[in-house]
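Letter by letter, the chains look like this.
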Amino acid sequence: MTKQPEDRYQDILKRIAERRPFGSAVQQPQTPPERALDLINAYDALAELTQSEYPRSLCYGPKQLSGGAWTGVALWHRRKGYHGYQTLWLLGVWAHYLGQALTLSIGERALPYRAPIYDAGVYRVAIENGFRLYYEDDGGPPQAGDRLLYQAAFEPRERLKPRQALDRILETWQSRQEAV
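Residues numbered from 1 in each chain as written. Predicted model: local features only at pLDDT ≥ 70, side-chain atom pairs only at ≥ 80, totals over all residues. Heavy atoms only, no water.

**As for a negative patch on the surface**
Here comes step 1: On the surface, a cluster of negative charge is contributed by Asp-38, Asp-44, Glu-48, Asp-167 and Glu-171.
Here comes step 2: Positionally, Glu-48 belongs in helix H3 (residues 42-49).
Here comes step 3: Residue classification places Glu-48 among the exposed positions, given a relative accessible area of 59%. (Patch = residues over 30% accessible without salt bridge, like charges linked within 9 Å, V, L, I, M, F, W, Y side chains within 5 Å. Areas by Shrake-Rupley, 256 points an atom, 1.4 Å probe, with all protein chains shown as cover. Salt bridge = Lys/Arg side-chain N within 4 Å of Asp/Glu carboxyl O. Lys, Arg positive; Asp, Glu negative; His and termini not counted. Charge placed at Lys NZ, Arg CZ, Asp CG, Glu CD. Helix = DSSP H or I, 4+ residues; strand = E, 2+ residues; numbered from the N terminus. Buried < 20%, exposed > 50% of the residue type's maximum accessible area, 1.4 Å probe, protein only.)

**Re unusual backbone geometry**
Here comes step 1: Omega for the peptide link from Gly-61 to Pro-62 comes to 0°, which places this bond in the cis form.
Here comes step 2: Here Pro-62 shows up in strand E1 (residues 57-67).

**Regarding the nonpolar core**
Here comes step 1: Core analysis: the biggest nonpolar cluster contains 22 residues, and Leu-46, Leu-49, Val-93 and Leu-166 have the highest contact counts within it.
Here comes step 2: Among residues more than four places away in sequence, those in contact with Leu-166 are Ile-40, Ala-42, Ala-45, Val-93 and Ile-106.
Here comes step 3: Residues Leu-88, Trp-94, Tyr-123 and Ile-127 belong to the second largest nonpolar core, which totals 17 residues. (Core = buried A, V, L, I, M, F, W, Y, C linked by side-chain atoms within 4.5 Å. Contact = heavy atoms within 4.5 Å.)

**A word on the environment of Ala-152**
Here comes step 1: Within the secondary structure, Ala-152 sits in strand E5 (residues 147-153).
Here comes step 2: Residue classification places Ala-152 among the partly exposed positions, given a relative accessible area of 23%.
Here comes step 3: When residues no more than four places from it in sequence are discounted, the contact partners of Ala-152 are Leu-102, Thr-103 and Leu-104.

Spelled out as structure tokens, the structure:
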């Protein structure tokens, strides 16, 4: 399905607004969790997935999320169709502390719809920018009951291993989404 001219125009305007000003310095990650995600190229890896259209799902994001002692990058997706809003799935990479060790976790989380009413038109516009309003979730690391796909202590010298794991997980995810 191709985008209508007005949708394409709005998409171009959105991308222009999100770009950093010409000549400005690239913002360097400040915290150890931010640096870990930067070293494995988490944001760009997830951004590639949101550029495709999938036969059974709608995909949004990615977005950098953060809380107390964690930082994550996640995309969110839901099934197509009127009732697809009832469950939203986060697919993300989180850098957080388990004990004293900085840990990388890759996982999927199911978020149930939490708003009191559903208005398809308003939802469609709002969900493109974020999920917190309708799903009341901060997008934190996977917990018990979530689907943990990878977890390991992060060592900057060994960043290739989690990066390869992320690539494999995202390839598998994309294959599942593209299957009819």
